[in-house]
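A look at the structure
Each chain is listed here by its residues.
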Amino acid sequence: MTDNAASTPAPPAEQQPPAASPAAEGAEGAEGEGPSKKAQKKAEAKAKKEAEKARRAAEREAAAKAAGKSTGPTEDLAKDNYGVVKERKGQFELSADVDDVNLKNIGEEHVGKAVIVRAWVQNARIQGAKMAFVELREEGAWTIQGVFVANNEGTPVSKPMVKFAAGINPESFVVVEGTVEKPLELVKSCKVSNYELHIRKIFVLAAAPQMLGMTLAAANRPITNFSDEEPAPEKAAEEGVDKLSITAESSIPAATMLTHLDNIIMHKRAPVQQAIADIRMEVKDLFRSYLKSHGFKEFEPPCLIGAASEGGANVFRMPYFDKEAFLAQSPQFYKQFEIAGGRKKVFSIGPVFRAENSNTPRHMTEFTGLDLEMEIKKDYREVLLMLEGVLLHIFRGIKERCAAEIELVRSVYPAEEFLLPEPGKEVRLTFAEGQKLLREEGPEEFRNVTDDEDMSTPQEKALGAIVRKKFNTDFYVLDKFPEGARPFYAKLDNANPKVTNAFDFFLRGQEILSGGQRINDPEELEARIIQKGVDPKSNGIKEYVDVFRQAGVPAHGGGGIGLDRVVAWFLNLPSVHLAAYYPRTPKRLLP
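Residues numbered from 1 in each chain as written. Predicted model: local features only at pLDDT ≥ 70, side-chain atom pairs only at ≥ 80, totals over all residues. Heavy atoms only, no water.

Remarks on the overall build of the chain
Spelled out, the test is: Each helix is a run of H or I in the DSSP string that is no shorter than four residues. Each strand is a run of E no shorter than two, and both are numbered from the N terminus. Buried residues are those whose accessible area, probed at 1.4 Å on protein chains only, stays under 20% of the maximum for their type, while exposed residues exceed 50% and partly exposed ones sit between those limits. Exposure was quantified through the Shrake-Rupley algorithm and a 1.4 Å probe, taking into account, for residues, occlusion by the shown protein chains and nothing else.
In terms of regular secondary structure, the chain is built from 16 helices and 19 strands. Out of the 591 residues belonging to the chain, those deemed buried represent 45%. Accessible surface, the chain: about 30,900 Å² in total, of which carbon and sulfur atoms supply 52%.

Considering unusual backbone geometry
A cis amide bond, omega 5 degrees, links Thr155 with the succeeding residue Pro156. Of note, Pro156 is situated in the loop between β4 (142-149) and α3 (159-166). In this chain, Leu590 is followed by Pro591 through a cis amide linkage whose omega measures 0 degrees. Summarising the element assignment, Pro591 is placed in the segment after α16 (563-571). Non-glycine residue Asn572 carries a positive phi angle of around 60 degrees. In this fold, Asn572 is placed in the segment after α16.

Some remarks on helix α11 (residues 403-412)
Formally: An arc is given here, and it is the one of the directions from the helix axis to the C-beta atoms. Only heavy atoms matter for contacts: two residues are in contact if any of them lie within 4.5 Å across the pair.
Taken together, the buried positions of α11 are Ile406, Val409, Arg410 and Val412. Each buried residue of α11 sits inside an arc of 155 degrees when the element is viewed along its axis, so together they form one side. Residues of α11 that are exposed and point more than 90 degrees away from the buried face comprise Ala404, Glu407 and Ser411. For α11, the secondary structure elements touched by its buried residues are α8 (271-293), α10 (381-401) and α16.

Thoughts on the sheet that holds strand β16 (residues 475-479)
Formally: When DSSP finds two or more bridges between a pair of strands, those strands are recorded as paired. To get an axis, a line is fitted to the C-alpha atoms, and for a helix only the part in contact is used. The angle between two axes follows their N-to-C directions and goes from 0 to 180 degrees.
Overall, mixed pairing links the eight strands, which are arranged β9-β13-β14-β19-β18-β17-β16-β15 in an open sheet. This sheet does not close on itself; its edge strands, each paired only once, are β9 (297-298) and β15 (427-430). Sheet topology places strand β13 (residues 345-353) next to strand β14 (residues 366-375); nine bridges connect them, and they run antiparallel. Within β14, the position partnered with Lys345 by the bridge is Met374. Relative to the sheet, helix α12 (residues 431-441) contacts β15 and β16, its axis offset from that of β15 by approximately 90 degrees.

Focus on the packing of aromatic side chains
Our working rule: Geometry of aromatic contacts follows a simple scheme: Phe, Tyr and Trp rings, the Trp one being its six-membered ring, pair when their centres are within 6.5 Å, and the pair is stacked under 30 degrees between planes, edge-to-face over 60, tilted otherwise.
Per the stated rule, a full pass over the model turns up 19 aromatic pairs. With a centroid separation of 6.4 Å and 40 degrees between ring planes, the pair formed by Phe337 and Tyr544 is classed as tilted. Of this pair, Phe337 sits in helix α9 (residues 332-340) while Tyr544 is found in helix α15 (residues 541-550), placing the two residues 207 residues apart along the sequence. Relative to Phe481, the ring of Phe431 has its centre 4.8 Å away and its plane inclined at 55 degrees; by these criteria the two rings are tilted. With Phe431 in helix α12 and Phe481 in the loop between β16 and β17 (502-507), this pair connects stretches of sequence that are 50 residues apart.

Comments concerning the nonpolar core
Short version of the rule: Nonpolar cores were defined as sets of buried Ala, Val, Leu, Ile, Met, Phe, Trp, Tyr and Cys residues, with membership established by side-chain atoms within 4.5 Å.
Counting 67 residues, the largest nonpolar core has Leu391, Phe395 and Phe505 as its most contacted members. Counting residues per element, this core draws most heavily on α10, which supplies ten residues. Apart from the residues within four sequence positions on either side, Leu391 is in contact with Phe475, Phe505, Ile512, Leu513, Ile561 and Val566. Membership of the second largest hydrophobic core comes to 31 residues, among which are Ala165, Ala166, Val192 and Leu197.

Printed below as a string of structure tokens:
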């Protein structure tokens, strides 16, 4: 027996355990004996295994504690440097001695200095647990890369702050504070490529939803479907696929015009749309500055009038107290009233309304008119030359002032270079000469056009192609329109009463301007009104004719330019709707 067994007193006889069975031999000794050698070895191995597990657990715990000390504090020391302002109940703090800057103004003088920027998050991504990148965008597609780097101290940027920044939804509006630095290499994806922001504070001022109705990338793709009609319910699913179709050239979905108008904010944030809008504003400024430098006075015609301004049916009617009112089809009468009232040269910029049920890329029910009227001293061509001069000034001006915007638009909507005539080589054709070119050099279907019929849109485009090839210009004038193609106030040519002293201007074969000399004699005017089948005593027409009876009115003429068409056709856009801020069509009154 072992020493342990010998030291244990034996139990009373009646409590003695039974003798071990043969099957238990080898596991235990005989009655009163301890474990066998084999059992002892098993117990020792088990104990050794448990000790090793305990040792490894202790090592892991020690390593975890050491890691906690090396990576930083468990408390987020940067918690006051980031967050969603709404969740912070409007409470956030930026450095009082740091100035706001716009991205386009960042330069060498800012390197190493702190700045504040307010912008949209274009995209965000995380790189490991300690680094994140955001792309910030301001108006005009100005973008810059922002960098977040967490350090071991956890301030001013912590790991949670890095994670927060990388998780901000695209198109959220933020304010950031950071230091302008030089990147190791140019950030080619950003317009501000030679600088970056090392951000130490970021606050979300206005959060964007997690899912946008249209992404910025889709908004900046070319639109090919300009239908603005809502699909029928049974076609909604099919139309939904069409609205965001994947084009062959890119994996980015291209949205329809309907989708753009339903997501107007993203439509307007698209860099291409902002570039078009900037060009549009420059056209207005160039128009105004040129005319003012030539002695023109600006005036403001009414939009709400008491009679159809040109006697036609394409006019919007509406109740006006106990009467009927109309939206002005043009400022034509009022331009002439200004000349009759003693002005020599006037112009206006304002909305024009046409109740034409034309669902085409060339038409809108509301557009912006650039109008002028002037006294004629010797010949109506004085008016033609003035209008030609202002348009050439506009085209040359936007080529010079808007080169970057034009390049951006053409990156989305590729187009041939707009050709302007050389000074002194402007193309001015009579209507009859234009028809002759179509007959001789145009498509087969136009070989029989006549000189006394108005031109159709396909004829205009075909003539534009001929003029470009023959005269190397996309801008030209057609003069001496036939009498039947002009309104009652157009002055007839004294030498040939079958034609008028009226003209149209064209860009890339599409009309942008109508103008000419007006009738200033009341008897002649009344005779022309009757000839056109209009009652000279009708409401609005009578008052118009009476203006010329009130006092002597000098010979005068002018023209009306469609701003939207000038922009669209200069850029060769697929639709005039792209040049309008909020296009109005027979099917669309929103947004």
